[in-house]
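Coordinates in review
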Amino acid sequence: MRLHAFLVALLLAPVVALHAQAAEAFPHARHAKLFPVCSSCHASIALSDSARMFPPVALCANCHDGAIKPRVSWTGPRKRGAELLVFSHLQHSAKAVNTACESCHALDGSKAWMNVSLPVQARCASCHAHGATAHLDEKSNCATCHRTLVKAVALTDARIAAIRMPPSHSRVDFQGAHGGLARANPTSCATCHARESCQRCHVDAASQPLIAALGSDARIARFVAGKPATYTTPSDHRMHQFALLHGSAARTNIARCATCHTRTSCESCHTGEGAREVIRRLPNPKPGASPGVQLRHTPVLTSFDAVQSAPVSLQVMPELHRIDTAAHLVRVHPTGFAKAHGAAAASGVQSCASCHSKQLCASCHTGERVTRRYHAANFVATHAPQAYSRETDCSSCHSTEAFCRDCHRQTGLSSKAAGRSASFHNAAPLWRFQHGSAARQDLKGCASCHQQTYCMQCHSDLGSRINPHGPDFDAARMSRKNPALCLYCHLKNPLAP
Amino acid sequence: MKRLLLVLALPASLCAQGYRITGVSTLQFIELRQLVLDTVLASSVPGFAAWRNTVDGVPASCVVGAVFCTVEGSGSRINAAPVLQDLTLAAWGWSEGLSVHANVRVRSQIGATDPLLFPRANDHLDAIDAYAELDRATWRARLGRQWSTGALGAYAFDGVNGLWRHDHLSAEGWSGRALLGGLNDPYTSAQLAAVDNLPPQQDGYLFGGTVRYRPDPLSAAAFTYQRILTADRTGLYAERAAFNASTRRYAATVDAGFNFDVAAAEFDEARVRVGTNWDRPVVFSVEARHSRPYFELWTIWGAFSPVGFDESRVSADWAPRGAPWALTARGAYRTYAETNTGISLRTNGWRAGGDASWQNSGRLSALASYDVDIGSGASSTDAHVGGRWLASPDLSLGGTASVTQSIYEFRVGTGRIYGAAADGSYRLSADIRIAADVGLYQHTLTNGAPGPDWTQRRAAMRIEWTMGRDPGTP
């Protein structure tokens, strides 16, 4: 008889288990003297006969009639729909070696009659461990005992919010690894998650079969509403060559990018013509959906940017020292790249057009500052040494004549006439005899003030006929390239017989 | 030609599926004192030579027997206020890969009667580029005014450009009427004639091509050849070739390349740079470089046998992982080739400098730098310190302070300039951004240097706006 009583209690347990959080459980111990067997109240529980799992209300009323005992308000088990737990007493009683009710329901191993409670999860895990050491262990197979959350319609918002997060989910590397875990055991994820759980971060959730299979759930939608997406920067994104390598990685596996990035992510840098074929395979941001990782450029102190180049790197810097954030600052080029970009642009090791339009080149190479400050604010006052040392080639952006010479004339540094009367080159009274060395070392400096005819006053047939050519001057070669050039200074072709 | 390009580009955009117009309006205010000629009584200038100094140390040019000597000094304060308006148009949607692009610049100057005319302020309309593009998977073609940017620099031209790409290889060719570098006008432009009394007499026609090979994402090499013919095809204005290669493999960054002036049979630029490319806090690089001034053949300068210099550069960057700061040190030493003039001025030069940067969470950043540049022609020492605050994604504020000392070898005299500048930008909406900067500089001339007084105020304001949408967005 006692066996039957325990069986009844056992059968009752799963049904009562979660309900007990909301309603006071039946005080079995206080009724121990009344019921010698579990089946007195829980008849047919072993057969999973739901109609007879609980005692009829009239049975309680035999005592709780208001005269013998106070009346109770219990009106019988409520029909609440499917719970998260799936349990069949019928199956367990058929397979169990020990089918005594107390084998699962005895409270803390108590031998006292009807000192029972719901079975703890460890009791389930004692058979259904699957290698797990605890109920929420990573190796647990949730689907063994649980139905999917979407199907567990009996769960209220509050009960969903109270579901404990498995310890594995708090691991630092979990976010990066959870995709593989989900693919390996999708039913485990579905125990606690619905499609909306994933949509909070995954911008491609709609096109992911694994996520779509979770099903939609309004309770989860309410639960995640307003919670920001969080992203852990993958380790390969922190590689110092990621700027160079990410394009190949994207072409190879754009689906991986689409997990966190919309087109907007890429277009925060890729505003040029390149990479369009790849980028357009990413989803567009949609209202109500996750916007994905938000990238923006780091502010740089361009007004006195360093000169030297450094290895190209893309630094992804978490904002405000947070590891997980949707907003990331990106610096693609190293400090000083503006002045050292020539090698990368010329060789093509970086595809400028992927991110930049021609207008970017023109904003500097047309010689006028429009949107970018290439030089320091006081550059005009300091530009002479940099021009002499050709740290960067002035003429790659500025016309020596129309910009440098024009400005030097406007500011009085060079005469608007052919010569000047005062002593600009006052460093050396004998400058006229010394200027040849300076001119050969930096002829662009001369041309930034002097017109050709100024020099031709001495260096031409019409002038003093002072030969300006160096010993290695190949007159024949230059004449072949542009014969008219010789006649600027020579009255007739000096190479003609 | 400018107007023709605009006339073709603008109506075409009206029937486009989509368009995007970006405008940048820039207004600057620049104040300075010109270097002007003045006279002093010859009797007030000690000595009797034709070249002597005033009692204040200012060099004076005196003619024996003349009552006055001439000196140079700073004139009265004048200013310029150039205005630039850039308009950039992109329109697309007539056919797959077909688009039209134009970038127009309008220049003017407020206060046109002012004696200081900002360079090119009187060149009121300029089509920076204006071209139609047809882009397909393996090829791309452009027609119109456009830019060729690469190892040889940036060349603008009116013509055609074709690009073919296949796997790791691409080839590009271009041809058309050449425009002057940095001027964006034809060789026979009045803009050039206004500042050079021996301008080119004929237009130039540009032909060029590049072959680029990129075996993997970390390596690439490119060869470029380009020539500019005179319109009558009797000569060349330029003939140049370039080769560049880069790789980032084996924990090293190697960049090597040269620009060769075929007409003069000289290397204009040749450099090899090797740097560490590892995931460590300290990064080093060394570079060997040869540089020689390059001149096109419409000037006589190339016939004056300019010489180049050889330079060695080193740099080290230290950025500890996770630390908000980074340090950089750099140095360079150069020696000039023999000039064969019989007279030797300074034949070497060196640079050294370093900077320290600090960036906290991307919102606050600061940078300090110090550089010394000693060489032939001019020398300077320069120190900067500055910071930037990104108050919000829309608001950025920055400021710098600087001290500069200049030493001019070819003009005796030193000067110190103390400066302070501030700048800020604010995004009013998704499509409108405004930016401004101001600077104050105090110039102290020493040794009676006859340079212009650079004590000045500078200011600039810029408004950037966008109309239309990005391709692919609703």
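Definitions and limits used
- Along each chain, residues carry numbers from 1 onward, in the same order as the chain's sequence is written.
- Going through the entries in the order they are written, you letter the chains from A and number the ligands from 1.
- For this predicted model, a pLDDT threshold of at least 70 governs which residues receive local features, and a threshold of 80 or more governs which side-chain atom pairs are given and counted, while totals over whole chains, interfaces and linings are taken from all residues.
- Side-chain metrics in this entry use all non-hydrogen atoms of the structure; hydrogen atoms and water are not considered.
- Counting from the N terminus, the helices are DSSP H or I runs at least four residues long and the strands are E runs at least two residues long.
- The buried label goes to any residue with under 20% of its type's maximum accessible area, the exposed label to any with over 50%, and the partly exposed label to all in between, with areas taken from a 1.4 Å probe on protein chains only.
- Residue contacts follow a heavy-atom distance rule, with two residues in contact if any of their heavy atoms lie within 4.5 Å.
- Under the convention used here, a 1.4 Å probe and the Shrake-Rupley method define accessible areas, while residue burial counts only the protein chains that appear.
- Neither His nor the chain ends is counted toward charge; the positive residues are Lys and Arg and the negative residues Asp and Glu.
- The atoms used to mark charge sites are NZ of Lys, CZ of Arg, CG of Asp and CD of Glu.
- Pairs of cysteine sulfur atoms within 2.5 Å are identified as disulfides in what follows.
- Confidence of the predictor at the level of single residues is captured by pLDDT, which takes values from 0 to 100.
- Buried area counts how much accessible surface, traced with a 1.4 Å probe, disappears from two parts once they are put together, with both parts' losses summed.
- For this document, the term salt bridge refers to a Lys or Arg side-chain nitrogen within 4 Å of an Asp or Glu carboxyl oxygen.
- For this analysis, a polar contact is any N or O atom pair within 3.5 Å, provided that within protein one partner can donate a hydrogen and the other can accept it, and provided that sequence-adjacent residues contribute only side-chain to side-chain pairs.
- Three classes are used: nonpolar for Ala, Val, Leu, Ile, Met, Phe, Trp, Tyr, Cys and Pro, charged for Asp, Glu, Lys and Arg, and polar for all others, with Gly counted as polar.
- Note on terminology: a nonpolar core comprises buried Ala, Val, Leu, Ile, Met, Phe, Trp, Tyr and Cys residues joined through side-chain atoms within 4.5 Å.
- Paired strands are those between which DSSP finds at least two bridges.
- Only Phe, Tyr and Trp rings are paired, with Trp represented by its six-membered ring, and only when their centres lie within 6.5 Å; those with planes under 30 degrees apart are stacked, over 60 edge-to-face, the remainder tilted.
- A ring is considered to have a charge above it if a Lys NZ or an Arg CZ atom is located within 6 Å of its centre and within 35 degrees of its normal.
- Put simply, a patch holds well-exposed residues, over 30% relative accessible area, that have no salt bridge, with like charges counted together within 9 Å and Val, Leu, Ile, Met, Phe, Trp or Tyr side chains within 5 Å.

1. What about the overall build of chain A?
- From N to C terminus, chain A includes 25 helices and three strands.
- Residue burial in chain A is summarised as follows: out of 497 residues, 42% are buried.
- If you take every contact in chain A between residues at least 6 apart in sequence, the share linking residues at least 24 apart comes to 68%.
- Here chain A has roughly 25,500 Å² of accessible surface; of this, 60% comes from carbon and sulfur atoms.

2. Description of the overall build of chain B
- Helices and strands together make up the secondary structure of chain B, namely two helices and 24 strands.
- Oriented by its inertia axes, the alpha-carbon framework of chain B measures out at about 80 × 60 × 50 Å.
- By residue count, 50% of the 474 residues in chain B fall in the buried class.
- Partitioning the intrachain contacts of chain B with sequence separation of at least 6 by distance along the chain shows that 50% fall at a separation of at least 24.
- Surface summary for chain B: the accessible area is close to 20,400 Å², and the carbon and sulfur share equals 63%.
- Here chain B holds 43 positive side-chain charges and 45 negative ones, and the gap between their average locations is 3 Å.

3. Side note on the state of the cysteines
- Evaluation of the coordinates by the stated rule reveals one disulfide over all chains.
- Here B:Cys62 connects covalently by a disulfide to B:Cys69, the sulfurs 1.9 Å from one another. A torsion of 115° about the S-S bond marks the disulfide between B:Cys62 and B:Cys69 as right-handed. Like B:Cys62, the residue B:Cys69 is buried in the burial classification.
- The cysteine A:Cys486 is free of any disulfide, with A:Cys489 supplying the nearest cysteine sulfur at 9.0 Å.
- The class of A:Cys489 is buried, set by a relative accessible area of 13%.

4. Considering the confidence of the model for chain A
Residues and elements named next belong to chain A.
- Mean pLDDT over chain A: 76, with 82% of residues reaching 70 or higher.
- Scored below 50 in pLDDT, residues 1-23 makes 83 contacts in the model with residues more than four places away or belonging to other chains.
- Scored below 50 in pLDDT, residues 299-326 makes 108 contacts in the model with residues more than four places away or belonging to other chains.

5. Thoughts on the interface of chain A and chain B
- On the chain B side, the residues contacting the 114 residues of chain A number 156 residues.
- With both sides pooled, the region where chain A packs onto chain B buries about 12,000 Å², and carbon together with sulfur makes up 56% of that total.
- One can count three salt bridges joining chain A with chain B.
- Along the contact surface separating chain A from chain B lie 29 residue pairs in polar contact (both at pLDDT 80 or more).
- Among the residues making up the side of chain A that touches chain B, the classes are represented as 52 nonpolar, 41 polar and 21 charged.

6. A short note on the nonpolar core
- Residues B:Tyr155, B:Leu180, B:Tyr187, B:Leu192, B:Leu206, B:Ile228 and B:Trp298 are the most contacted members of the largest nonpolar core, which totals 20 residues.
- No other element matches the three residues that strand S12 (residues 236-247) of chain B contributes to this core.
- When neighbours within four sequence positions are excluded, B:Tyr155 is seen to be in contact with B:Gln146, B:Trp147, B:Ser148, B:Leu206, B:Gln226, B:Ile228, B:Arg240, B:Tyr294 and B:Glu296.
- With 16 residues, the next largest nonpolar core counts A:Leu443, A:Cys455, B:Ile300 and B:Trp301 among its residues.

7. So, unusual backbone geometry
Residue and element names in this part refer to chain B.
- Phi at Ala 265 takes a positive value of approximately 55°, unusual for a residue other than glycine.
- Locating Ala 265 in the fold gives a position in the loop between strand S13 (252-261) and strand S14 (266-276).
- Residue class for Ala 265 comes out partly exposed when judged on its relative accessible area of 36%.

8. Some points on the pattern of salt bridges
- Here the structure, examined in full by the defined rule, presents 39 salt bridges over all chains.
- Note that A:Asp157 is salt-bridged to A:Arg222, the shortest N-O span being 2.7 Å. In this pair, A:Asp157 is assigned in helix H6 (residues 157-162) and A:Arg222 in helix H11 (residues 218-224), connecting sequence segments 65 residues apart.
- Across the pair B:Glu269 and B:Arg289 runs a salt bridge, and its minimum N-O distance is 3.2 Å. Here the residue B:Glu269 occupies a position in strand S14, and B:Arg289 occupies one in strand S15 (residues 282-291), the gap between them amounting to 20 residues. Both residues of the pair, B:Glu269 and B:Arg289, count as buried.
- What emerges from the salt-bridge pattern is a single network uniting A:Glu391, B:Glu269, B:Arg271, B:Glu287, B:Arg289, B:Glu311, B:Arg313 and B:Arg351.

9. Comments concerning the pairing of strand S20 (residues 378-392) of chain B
Residues and elements named next belong to chain B.
- Relative to S20, strand S19 (residues 364-374) runs antiparallel, the two sharing ten bridges. Directly across from Leu 367, in S20, lies its bridge partner Gly 386.
- The hairpin turn running from S19 into S20, its antiparallel successor, is three residues long, and Gly 377 in that turn takes a positive phi close to 100°.

10. Some remarks on the packing of aromatic side chains
- By the definition in use, this model includes seven aromatic pairs over all chains.
- Aromatic side chains B:Tyr187 and B:Tyr237 sit 4.8 Å apart centroid to centroid with 5° between the ring planes, which places their arrangement in the stacked category. Taken together, the positions of B:Tyr187 in the loop between strand S9 (169-178) and helix H2 (190-193) and B:Tyr237 in strand S12 put the pair 50 residues apart, joining distant regions of the chain.
- A relative accessible area of 4% places B:Tyr237 in the buried class.
- Counting every residue linked through ring pairs, the aromatic cluster contains B:Phe243, B:Phe258, B:Phe260 and B:Phe267.
- In this arrangement the basic side chain of A:Lys444 is found over the ring face of B:Phe295, its NZ or CZ atom lying 5.4 Å from the centre.
- The ring of B:Tyr294 carries B:Arg240 above its face, with NZ or CZ at 3.9 Å from the centroid.

11. Structural notes on a nonpolar patch on the surface
All names here are of chain B.
- Together, Leu 27, Ile 110, Tyr 426, Leu 428, Ile 432, Met 461 and Ile 463 make up a nonpolar patch on the protein surface, roughly 580 Å² of accessible area in all.
- Looking at the element boundaries, Leu 428 is found in strand S22 (residues 414-429).
- With a relative accessible area of 52%, Leu 428 lands in the exposed category.

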